[in-house]
Amino acid sequence: MELIQNTPDLSAYLAADEVIDHHHPLVRETAARLTEGVVDSYGYARAAYEFVRDTVPHSQDAGDPRVTWRASDVLELRTGICHAKAHALAALLRAEDIPTAFCYQSLLHEDDGDDGGGSGHVVHGLVAVRFNGAWHRQDCRGNKPGVDAQFSLDGERLAFPVDPQSNEVDYPVLYAEPHPVVLSALKAAPDRPHLWKTLPTAL
C-alpha cells in the first residue's frame with residue numbers, strides 16, 4: 001500500500017497544537033529523558049515508541065474508564081486508547097524533529113471500540129514516522145496475548161494486520177493532524193463506555 005500525505009508540506013508533520021502539545025514541559029522532559037543512551041534519531045524513535053507502548057496502559061486492557069486525548073495528559077495520567085497513545089507518541093517524536101503522521105484502520109472486533117455487544121467495525125489509530133525519505137507505520141496501542149507490535153522500519157509489525165475478507169481497511173492517507181471525527185468523539189466522551197458507542201466505524 002502506498003501511503004499518501006494529506007499535505008505536501010512536511011513541516012506540517014512536525015507542528016504542535018492543542019492535541020500534539022510537544023512544547024509542554026512534561027513532553028519535553030520525557031523526550032529529554034528518552035534521548036539519554038540513544039545514539040541517533042532511529043534509536044530515539046524506537047525508545048519513544050516502546051515507552052508509549054509499554055508504560056502507558058491501553059485503557060481497555062487496564063479497565064480504566066478515563067478518556068484522554070491531549071498528548072501531555074496521556075503522559076501524565078498514563079492511560080488512553082489507541083488514538084490517545086498515538087497522540088502521545090507523535091508529540092514525543094515531533095519534539096525531536098521526527099516527522100510523524102496519523103493513520104487509521106477500520107477493524108472488526110477491535111478492542112478499542114468493541115463494547116462486547118456487537119460485531120461491527122471501529123476506526124483504529126496508529127502513526128507513521130518518516131526516515132530515509134519514506135514513511136513507516138507503527139502501532140503503539142500496547143501488546144497483550146495475541147498482539148505483538150514492534151517498532152520496525154523493515155516491514156510492518158503492526159498490532160492488527162487487516163483482513164479484507166472481513167471488510168477491514170488500511171486507510172492510505174497520512175494526516176498531519178488527528179482526524180477531526182476521531183478527535184471529536186474523544187473530546188465529547190465523559191468515559192470510555194460512552195466512547196465505545198461514539199467512535200467512528202469508518203472514515
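Below or above, wherever it landed, is the structure these notes cover. Within each chain, residues carry numbers counting from 1 in the order of the written sequence. Per-residue local features of the predicted model are confined to residues with pLDDT of at least 70, and side-chain atom pairs are confined, for both listing and counting, to 80 or more; whole-chain, interface and lining totals are unaffected and use all residues. Where side-chain values are given, they derive from all heavy atoms of the structure, hydrogens and water being excluded.

Right, let's talk about the overall build of the chain for a bit. Comment: elements are numbered from the N terminus, with helices defined as DSSP H or I runs of at least four residues and strands as E runs of at least two. Looking only at helices and strands, one finds 7 helices and 6 strands in the chain. The helix and strand sequence of the chain, counted from the amino end, reads β-α-α-α-α-α-β-β-β-β-β-α-α. Atoms counted for the radius of gyration: C-alpha only. Globule rule: 2.2 Å times residue count to the power 0.38. For 203 residues, the compact-globule estimate of 2.2 N^0.38 gives 17 Å, and the chain sits close to it at 16 Å. Overall, the chain is about 45 × 35 × 30 Å in size when its C-alpha atoms are taken along their principal axes. Whether two residues are in contact is decided by their heavy atoms, any of which lying within 4.5 Å being enough. Taking the intrachain contacts of the chain between residues at least 6 apart in sequence as the baseline, contacts between residues at least 24 apart amount to 65%. When the accessible area of the chain is evaluated, it comes to approximately 8,900 Å², of which 49% is carbon and sulfur surface. Positive charge is attributed to Lys and Arg, negative charge to Asp and Glu, and no charge count is given to His or to the chain ends. The location of each charge is read from NZ of Lys, CZ of Arg, CG of Asp or CD of Glu. Positive and negative side-chain charges of the chain, numbering 17 and 30 respectively, have mean locations separated by a distance of 3 Å. In this description, accessible areas are obtained by the Shrake-Rupley approach with a 1.4 Å probe, and a residue is regarded as covered only by the protein chains that are shown.

The subject of this paragraph is the sheet that holds strand S3 (residues 121-131). Across the sheet, 4 strands lie side by side as S4-S3-S2-S5; this open sheet has antiparallel pairing. Each edge of the sheet is formed by a strand with only one pairing partner; in this case those strands are strand S4 (134-138) and strand S5 (169-170). When S3 meets S4, the two strands line up antiparallel, connected through 5 bridges. Note on S4: the bridge partner recorded for Arg130 is Trp135. When DSSP locates at least two bridges between a pair of strands, those strands are taken to pair.

Put simply, a nonpolar core is a bunch of buried Ala, Val, Leu, Ile, Met, Phe, Trp, Tyr and Cys residues held in one set by side-chain atoms that sit within 4.5 Å of each other. Think of it in three bands: with a 1.4 Å probe and only protein chains considered, a residue is buried below 20% of the maximum accessible area for its type, exposed above 50%, and partly exposed in between. Tyr44, Leu89, Leu92, Leu93 and Leu195 are the most contacted members of the largest nonpolar core, which has 51 residues in total. Per element, the largest residue contribution to this core is 9 residues, and it comes from helix H5 (residues 82-95). Setting aside its immediate chain neighbours within four residues, Leu89 contacts Ala48, Tyr49, Val52, Val127 and Cys140.

All right, on to the packing of aromatic side chains then. Within 6.5 Å between ring centres, the rings of Phe, Tyr and Trp (the latter by its six-membered ring) count as paired, and their orientation is classed by plane angle as stacked under 30 degrees, edge-to-face over 60, tilted in between. All chains considered together, the criterion is met by 5 aromatic pairs. Aromatic rings pair up to connect Tyr42, Tyr49, Phe131 and Phe151 into one cluster. Above the face of the Trp69 ring, Lys187 is positioned so that its terminal group lies 4.8 Å from the ring centre. To sit over a ring, a charge needs its Lys NZ or Arg CZ within 6 Å of the ring centre and within 35 degrees of the ring normal.

We now examine the pairing of S4. Burial of S4 is extensive: 4 of the 5 residues sit out of reach of the surface. The hairpin formed by S3 and S4 contains 2 residues between the paired strands, and Asn132 there has a positive phi angle of roughly 55°.

Between the N-to-C directions of two axes lies an angle of 0 to 180 degrees, each axis being a line fitted to C-alpha atoms and, for a helix, fitted only over the stretch in contact. In the contact formed by helix H2 (residues 41-55) and H5, the axes pass within 10 Å of each other and the chain directions differ by 155°. Our classification of the angle between H2 and H5 gives roughly antiparallel. At the point where H2 passes H5, the crossing takes the right-handed sense. Between H2 and H5, the residues in contact are Tyr44, Ala45, Ala48, Tyr49, Phe51, Val52 and Arg53 and Lys85, Ala88, Leu89, Leu92 and Leu93, respectively. Following the grouping adopted for this structure description, the nonpolar residues are Ala, Val, Leu, Ile, Met, Phe, Trp, Tyr, Cys and Pro, the charged ones are Asp, Glu, Lys and Arg, and the polar ones are all others, Gly among them. Of the residues in the contact of H2 with H5, the class split is 10 nonpolar, no polar and 2 charged. What sets the label is the angle itself: under 35 degrees gives roughly parallel, over 145 gives roughly antiparallel, 65 to 115 gives roughly perpendicular, and the rest give oblique. Left-handed is the label given to a crossing in which the near helix is rotated counterclockwise from the far helix by less than a right angle, and right-handed is the label when the rotation is clockwise.

Next up on the list: the side chain of Asp139. Note on placement: Asp139 falls in the loop between S4 and S5. Each reported salt bridge corresponds to a side-chain nitrogen of Lys or Arg within 4 Å of a carboxyl oxygen of Asp or Glu. Buried and unpaired, Asp139 has Arg141 as its nearest opposite-charge partner, separated by 5.9 Å. Every residue in contact with Asp139, bar those within four places of it in the chain, is listed here: Tyr49, His124, Gly125, Leu126, Ala149, Leu158, Ala159 and Phe160.

Interpretation note: all reported values are geometric properties and have no functional meaning in isolation.
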